[in-house]
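# Results of the structural survey
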Amino acid sequence: MKTVIKRACNGLVVVVLMLAPALVSAQYDKTSEGQAFVREMAERYGFEASRVEALLAAAERKDSILDSISRPAEKTLEWHQYRKIFIRPDRIRQGVEFLTEHREAFERAEEEYGVPAPIIAAIIGVETWYGTYKGNHRVLDALATLAFDYPPRSRFFRSELAQYLLLTREQGFDPEQLTGSYAGAMGYGQFISSSYRHYAIDFDDDGVVDILNNPVDAIGSVANYFRAHHWKQGEPVAEQVPDRLQEGSPLLTRELKPSLEVNDYRQAGLTPEAKVAGDDKARAIRLAGSDGPELWLTYHNFYVITRYNHSHLYAMAVFQLANALSEQASEPEHQNGMGNSS
């Protein structure tokens, strides 16, 4: 009998040891970096040190998060591949339905902030498929993993972790319960914690700034974000032009912010159809389309979209989805469609 019990106990030990990595927290509260974070939150923001330590102790390191941030789609896909993800009939159809369902909020956001309703809807459509997929990672786990186990951007994510704790304290949210993307972005529009605190608004005046579950607050918040980043009402975003630039042309600049002028491109034989002044800033980008290279002239408002996500592929997806939503909403069965995407 003792032999049987001994074998059983040994087997239990083996099982426990096998499961240990999944059961034990990352113990960020025990590291020097974690302790420095605890002191900062206590001294700078008035948190109880024991509460911050408890949250760090509860945070779990997620290797899946580290894998995801190391290979974002914007850096691994060509345009024709990236486009197929977002410019789809079902995403367009559901976007028109989303515009219709929240017509009043979109109209008010467009009127108050000067941002076209289709652009706002396209952001939410690209980010979360209109609130359908908001992410299933605990924000606490995501931000702690990246703050303490992702050296390339640990400083940024440590700041975002601090912003997250401030946000949850201000809004009365449970910091151990909120979920979001692998990078800790939350809600319909996938705001990171600092953006949530700085740009999210209570658009329905119910006393709570809730972009997690309230689409009206999310719509107003996206519009507010764009206005804060200097969206210019009525100005163009981008247009495709004949590809007359040689490979390696100095007119194909690398920086997202346009540094050349429309006249520079006109002199090279590129004639935009959009109503733009010669000294307006512009940037030419060449994308790998399904039928070959595509040359696009992008303008200030295109750059504003990249303030939401620092990728010209992302901005182009938002722009083209917005155009598709506008066109679909303008068809006879949607005569009461929303605005335009210019």
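Residues numbered from 1 in each chain as written. Predicted model: local features only at pLDDT ≥ 70, side-chain atom pairs only at ≥ 80, totals over all residues. Heavy atoms only, no water.

## Quick word on the pairing of strand E5 (residues 281-289)
A regular strand carries its side chains on alternate faces of the sheet. Going by this rule: Note: two strands are recorded as paired if DSSP finds a minimum of 2 bridges between them. Each helix is a run of H or I in the DSSP string that is no shorter than four residues. Each strand is a run of E no shorter than two, and both are numbered from the N terminus.
Where strand E4 (residues 260-261) lies against E5, 2 bridges are found, and the strand directions are antiparallel. Within E5, the position partnered with Glu 261 by the bridge is Lys 281. Here E5 hands over to strand E6 (residues 292-298) after 2 residues, the two strands then running antiparallel side by side.

## With respect to the packing of helix H6 (residues 79-86) against helix H16 (residues 312-329)
Put simply, the rule reads: Angles run from 0 to 180 degrees between N-to-C directions of axes, and those axes are lines fitted to C-alpha atoms, restricted for helices to the stretch in contact. The scheme is simple: roughly parallel for angles under 35 degrees, roughly antiparallel for over 145, roughly perpendicular for 65 to 115, oblique for anything else. Note: crossing handedness is left-handed where the near helix turns anticlockwise from the far helix by less than a right angle, and right-handed where it turns clockwise. When checking whether two residues touch, look at their non-hydrogen atoms; a contact exists if any pair is within 4.5 Å. Classification convention: Asp, Glu, Lys, Arg as charged; Ala, Val, Leu, Ile, Met, Phe, Trp, Tyr, Cys, Pro as nonpolar; all other residues, Gly among them, as polar.
Their axes nearest at 10 Å, the elements H6 and H16 cross at an angle of 45 degrees. Judged by the inter-axis angle, H6 sits oblique to H16. The handedness of the crossing between H6 and H16 is right-handed. Of the residues in H16, those touching H6 at Trp 79, Tyr 82, Arg 83 and Phe 86 are Leu 313, Tyr 314, Met 316, Ala 317, Gln 320 and Leu 321. Each residue belonging to the contact of H6 with H16 can be placed in one class, and the counts come to 8 nonpolar, 1 polar and 1 charged.

## Focus on the confidence of the model for the protein chain
Under the convention used in this document: On a scale of 0 to 100, pLDDT captures the predictor's confidence in every residue.
Of all residues in the protein chain, 89% have pLDDT values of 70 or greater, and the mean over the chain is 91. For the stretch residues 1-24, pLDDT sits under 50, and the model shows 0 contacts to residues farther than four places along the chain or on other chains.

## Structural notes on the packing of aromatic side chains
Put simply, the rule reads: Note on aromatic contacts: the rings of Phe and Tyr and the six-membered ring of Trp form a pair at centre separations within 6.5 Å, being stacked when their planes are under 30 degrees apart, edge-to-face when over 60 apart, and tilted otherwise. Three labels apply to residues, based on accessible area from a 1.4 Å probe with only protein chains included: buried if under 20% of the type maximum, exposed if over 50%, partly exposed otherwise in between.
Inspection of the entire model under this criterion finds 19 aromatic pairs. Judged by centre distance (6.2 Å) and plane angle (85 degrees), the rings of Phe 37 and Phe 148 are edge-to-face. Remark: Phe 148 occurs in helix H10 (residues 139-149) and Phe 37 occurs in helix H2 (residues 32-45); sequence separation between them is 111 residues. On the accessibility criterion, Phe 37 (2% relative accessible area) is buried. Since its relative accessible area comes to 15%, Phe 148 is described here as buried. One aromatic cluster is present, formed by Phe 191, Tyr 199, Tyr 225, Phe 226, Trp 231, Tyr 308 and Tyr 314 through successive ring pairs.

## Describing the pairing of E6
The buried fraction of E6 is high, at 5 of 7 residues. Bridge analysis of strand E3 (residues 238-241) against E6 gives 4 bridges, and the strand direction is antiparallel. In the sheet register, Gln 240 faces E6, and the bridge partner there is Trp 296. As judged from the 7 bridges shared by E5 and E6, these two strands associate in the antiparallel manner. Along E6, the bridge assignment pairs Ala 284 with Leu 297.

## What to know about the environment of Ala 223
Here Ala 223 shows up in helix H13 (residues 215-228). Along the chain, Ala 223 and Pro 116 lie 107 residues apart, while their C-alpha atoms are 8.5 Å from each other. Beyond its immediate sequence surroundings of up to four residues, Ala 223 is in contact with Ala 109, Tyr 113, Val 115 and Ile 120.

## Some points on helix H3 (residues 49-58)
Think of an α-helix as turning once every 3.6 residues; residues three or four places apart then point the same way. Cut-off, in case you're wondering: The directions considered for the arc are those from the helix axis to the C-beta atoms.
Looking at H3, one finds that the buried residues are Val 52, Leu 55 and Leu 56. Mapping the buried residues of H3 onto a view down its axis gives an arc of 100 degrees, with all of them on the same face. Buried residues along H3 sit in contact with H2, H10 and helix H11 (154-171).

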